[in-house]
Amino acid sequence: MEITALTTYLIAITLLTITPGVDTMLVIRNTARGGWRDGALSSLGICSGLFVHATISAVGISMILLQAAWAFSVLKLAGAGYLVWLGICSWRKVLRRESFEVVNGMSPGDFRFRRSLREGFLSNVLNPKTAVFYMAFLPQFINPAHSALIQSLMLAGLHFVIAMIWQCLLALMVKQLKSWLQRPKVNQWFDGVTGTVMIALGLRVAA
């Protein structure tokens, strides 16, 4: 890839990454829930999903999705439903008046390795915004003379690095505020806000 094309790609991907959206909200929410590890592993799950989008774009399934309205609608509704479900989970905590009980600097049961990865991965894979971006944008940087799959995965790899760095830094910033976020009233307020935003994002995606 030429330097000009690579620079254009990196700028576009960086802007996409730092623009607040579903991924940002999930990393903030999970870091507040289980600390930096929770946020970082959620980020790993999110960024791993990029390779799924890159593969779909490379093998041409993107064309099928764009031409078959029902297929894209299914993807869109699945992503919307998952966001609404995450928002409802946050609100269930608020309604049950759950609060963090700190033990040795950590909250019991607030961090689960598989849960963090799963939430991040599904959030990204079911996000139609990322799917459409990869479908429309990635092919512009593919050289037809070489393997489309390898090139797509390499471009996703660059996105992976940029997104991991940004989201881990974001998780680190949230971690600095964790003692404040662990206050029962603040924690309930934060869960209420993030839950509402998640549900709103889901409804917006569905609409």
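(A) Summary view of the state of the cysteines. Throughout the structure, instances matching the rule amount to zero disulfides. No disulfide involves Cys-47; its sulfur sits 7.7 Å from that of Cys-168, the nearest cysteine. Look at Cys-168 and you get buried, because its relative accessible area is 16%.

(B) The packing of aromatic side chains, seen in detail. As enumerated under the stated definition, the model contains one aromatic pair in all. Aromatic side chains Phe-51 and Phe-160 sit 5.7 Å apart centroid to centroid with 40° between the ring planes, which places their arrangement in the tilted category. Taken together, the positions of Phe-51 in helix α3 (residues 36-59) and Phe-160 in helix α8 (residues 148-176) put the pair 109 residues apart, joining distant regions of the chain.

(C) Expanded view of the packing of helix α1 (residues 3-18) against α8. Between α1 and α8, the shortest axis-to-axis distance is 10 Å and the interhelical angle comes to 40°. Judged by the inter-axis angle, α1 sits oblique to α8. Relative to α8, α1 is oriented so that their crossing is right-handed. The residues of α8 that touch α1, namely those facing Leu-6, Tyr-9, Leu-10, Ile-13, Thr-14, Leu-16, Thr-17 and Ile-18, are Leu-155, Ala-156, Leu-158, His-159, Ile-162, Ala-163 and Trp-166. Partitioned by chemical class, the residues of the contact of α1 with α8 number twelve nonpolar, three polar and no charged.

(D) Region of the structure containing helix α2 (residues 22-34). Between its terminal C-alpha atoms α2 stretches 18 Å, which fits the 18 Å expected from 13 residues at 1.5 Å a residue. Counted residue by residue, α2 has 13 buried out of 13 residues, so it is predominantly covered. One or two residues past the end of α2 sits Gly-35, with phi positive at roughly 90°.

(E) Summary view of the pattern of salt bridges. In the structure shown here, the tally under the stated rule is three salt bridges. Ionic contacts of the salt-bridge type, sharing partners, join the residues Arg-29, Arg-33, Asp-38 and Glu-119 into one network.

(F) Layout of empty space enclosed by the protein. Across all of its chains, the model carries two cavities of 30 Å³ or more by this definition. Space inside the largest cavity adds up to approximately 200 Å³. Along the wall of the largest cavity there are 18 residues; nearest its centre are Leu-16, Thr-17, Asp-23, Asn-127 and Thr-130. For the lining of the largest cavity, the secondary-structure elements that each account for two or more residues are α1, α2, α3, α7 (128-137) and α8.

Scoring rules and cut-offs
Residues numbered from 1 in each chain as written. Predicted model: local features only at pLDDT ≥ 70, side-chain atom pairs only at ≥ 80, totals over all residues. Heavy atoms only, no water. Disulfide = S-S within 2.5 Å. Buried < 20%, exposed > 50% of the residue type's maximum accessible area, 1.4 Å probe, protein only. Phe/Tyr/Trp six-rings, centres within 6.5 Å; stacked < 30°, edge-to-face > 60°. Helix = DSSP H or I, 4+ residues; strand = E, 2+ residues; numbered from the N terminus. Axes fitted to C-alpha atoms, helices over the stretch in contact; angles between N-to-C directions. Parallel < 35°, antiparallel > 145°, perpendicular 65-115°, else oblique. Left-handed = near helix turned anticlockwise from the far one by under 90°. Contact = heavy atoms within 4.5 Å. Nonpolar A, V, L, I, M, F, W, Y, C, P; charged D, E, K, R; others polar. Expected span 1.5 Å × (residues − 1). Salt bridge = Lys/Arg side-chain N within 4 Å of Asp/Glu carboxyl O. 1 Å grid on protein atoms, 1.4 Å probe; cavity = no way out; pocket = protein on both sides within 12 Å on 5 of 7 lines; lining within 4 Å. Points joined across faces, edges and corners; volume = space filled by probe spheres on them.

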